[in-house]
Amino acid sequence: MKALTADFRPGTAVPTRAAPTTLVPMMTLLTHLVYALAYLIAGGSAGAALWALRPEADPLVAWLVGALVVLAGALVHEAVTRLERERKAARRIARLNDRVEELALLLERRLAADPGAQTDGGVRYDAVMQEVKLLQSLVARLTERRAPRPPAASAERRPAPSAAPSAAPIPAAPPMDDAAVLEAVRDALKADRIDVYLQPIVSLPQRKHRFYEVFSRVRAADGQQIMPDRYLDIAEREGLIATIDNLQLVRCVQLIRETERRQHAIGFFANISAATLADAEFMRQFLNMMAQNHALVPKLVFELSQHAVSAGGAVTMGILSQLARLGFRFSMDQVTDLAIDLDRLLRHEFRCIKLDRALVLDPANAGRIRELRHRCAAEGIDLIVEKIETENQLVEVLDTGFDFGQGYLFGEPRLSRKPE
């Protein structure tokens with residue numbers, strides 16, 4: 001059995017359900033319009049009154065006074081709106097704390113009534129508490145980090161994750177500028193609208209589901225879906241990428257626990273950035289949570305890009321080594337250079353490499369691909385060919401002798417049901 005499938009049996013797809021669309025309340029829109037109309041009228045009235053009282057004065061002065069009144073009203077309106085948003089976020093956190101306390105009380109009563117379930121129930125309770133504390137700390141840090149600074153224009157975009165191949169048509173949506181995307185990401189983080197999607201990784205030629213790759217998409221308040229290639233650069237530039245990764249990792253743990261409960265032996269690939277690895281506070285809390293669920297560790301594979309692995313300094317690679325000692329394993333994707341240092345990957349417990357189907361099938365790379373495949377087989381590193389979209393492409397990949405595949409041919413990314 002291959003290195004990454006030694007602990008897993010074929011799994012079944014995780015149930016999905018569509019996310020509800022959130023609409024902006026009409027009353028809120030009307031309230032904002034009334035406020036805006038009020039300070040516009042106030043500004044116009046102030047300018048007209050000054051002109052009437054001082055007809056000999058320059059009319060430009062009256063217009064400037066009116067404009068200043070409108071500007072002051074707009075600033076007050078913006079400040080009140082921001083304070084209301086912060087109050088709503090605080091109320092949501094307070095409600096979450098109340099729910100946690102209620103659940104803890106109910107669990108204590110249940111354990112007291114059923115002594116035989118205390119050991120198992122206590123473990124589950126500790127795990128849930130770890131997850132809730134982690135999510136609360138992420139939301140709190142997001143609120144503290146919020147700033148009204150607009151993002152700079154970006155000329156280049158980081159490649160989209162492999163879980164969103166170009167072959168899948170995405171419905172056209174009204175374009176959003178960088179400032180709108182940033183605001184949508186922040187609001188989605190606060191309102192828990194970071195949706196987790198799963199795409200299967202299958203064994204070849206059987207096409208049995210062996211793993212799922214987990215990746216995130218942002219859902220705006222109006223229901224519009226913002227794809228990773230649109231928000232990743234902005235989120236990274238504004239210091240939000242680690243928060244998105246962290247929420248995704250917590251959701252991964254919940255998914256793994258759900259598959260354990262359903263007795264589905266399957267693993268999950270989760271992308272992780274250098275910013276997340278360097279987030280000492282989150283990593284400490286995350287590892288404490290995993291200590292409560294050590295049996296889940298082998299089923300979570302962290303995925304880093306080839307660029308992140310190559311550019312990783314002593315600190316990053318040291319963190320990877322510490323995670324490897326705890327039992328975590330790693331995968332490398334977004335490979336563009338076939339001159340891969342396998343010895344370095346093995347030292348840091350990289351047990352999987354993802355290769356783009358176009359790279360694998362390029363005749364110019366045939367010799368290097370063959371050599372890489374043979375050496376990886378000898379070292380126990382699994383190779384996954386991604387972006388397989390058609391049956392003809394699959395036939396070509398099978399001719400090269402690869403054992404794992406990923407792409408829309410085997411299943412498109414589907415929205416994961418949130419664990420209950």
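The rules we used
Residues numbered from 1 in each chain as written. Predicted model: local features only at pLDDT ≥ 70, side-chain atom pairs only at ≥ 80, totals over all residues. Heavy atoms only, no water. Helix = DSSP H or I, 4+ residues; strand = E, 2+ residues; numbered from the N terminus. Contact = heavy atoms within 4.5 Å. Areas by Shrake-Rupley, 256 points an atom, 1.4 Å probe, with all protein chains shown as cover. Axes fitted to C-alpha atoms, helices over the stretch in contact; angles between N-to-C directions. Parallel < 35°, antiparallel > 145°, perpendicular 65-115°, else oblique. Nonpolar A, V, L, I, M, F, W, Y, C, P; charged D, E, K, R; others polar. Expected span 1.5 Å × (residues − 1). Buried < 20%, exposed > 50% of the residue type's maximum accessible area, 1.4 Å probe, protein only. Pairing = 2+ DSSP bridges.

(A) Region of interest: the overall build of the protein. A tally of regular secondary structure across the protein gives 14 helices and ten strands. Summarising the internal contacts of the protein: among those between residues at least 6 apart in sequence, 75% fall at separations of at least 24. Roughly 21700 Å² of accessible area belongs to the protein as shown, and the carbon and sulfur atoms make up 59% of that amount.

(B) Seen up close, the packing of helix H6 (residues 241-261) against helix H8 (residues 280-291). Between H6 and H8, the least distance of the axes is 12 Å, while the angle of their chain directions is 0°. On the basis of their axis angle, the class for H6 and H8 is roughly parallel. Across the interface between the two elements, Asn246, Leu249 and Val253 from H6 touch Phe282, Phe286, Met289 and Met290 from H8. Tallied by class, residues from the contact of H6 with H8 come to six nonpolar, one polar and no charged.

(C) Structural context of unusual backbone geometry. Residue Pro205 follows Leu204 across a cis peptide bond; omega there is 5°. Topologically, Pro205 is positioned in the loop between strand S1 (194-203) and strand S2 (208-219). Look at Asp192: it is not a glycine, yet its phi comes out positive at around 60°. Relative to the helices and strands, Asp192 resides in the loop between helix H4 (178-190) and S1. Located in the positive-phi region is Gln334, a residue other than glycine, with phi close to 50°. Its place among the elements puts Gln334 in the loop between strand S6 (329-333) and helix H11 (342-347).

(D) Geometry of H4. For H4, built from 13 residues, the straight-helix expectation of 18 Å at 1.5 Å per residue is met to within 8% by its first-to-last C-alpha distance of 19 Å. All of the buried residues along H4 are Asp178, Val181, Leu182, Ala184, Val185, Arg186, Ala188, Leu189 and Lys190. Just beyond H4, the residue with positive phi is Asp192, at close to 60°.

(E) Seen up close, the environment of Met227. Position of Met227 relative to the elements: it lies in the loop between strand S3 (225-226) and helix H5 (228-237). With eleven residues separating them in the primary sequence, Met227 and Ser216 have C-alpha atoms 8.4 Å apart.

(F) Representation of the pairing of strand S4 (residues 267-271). Here S4 lies mainly inside the structure; five of its five residues are buried. A two-sided burial pattern is seen for S4, the buried positions comprising Gly267, Phe269 and Asn271 on one face and Phe268 and Ala270 on the other. Note that S2 and S4 share four bridges and pair parallel. When the sheet's bridge partners are listed, Glu213 is paired in S4 with Phe269. As paired strands, S4 and strand S5 (residues 300-305) are joined by four bridges and run parallel to one another. The residue of S5 that forms the bridge with Phe269 is Val301.

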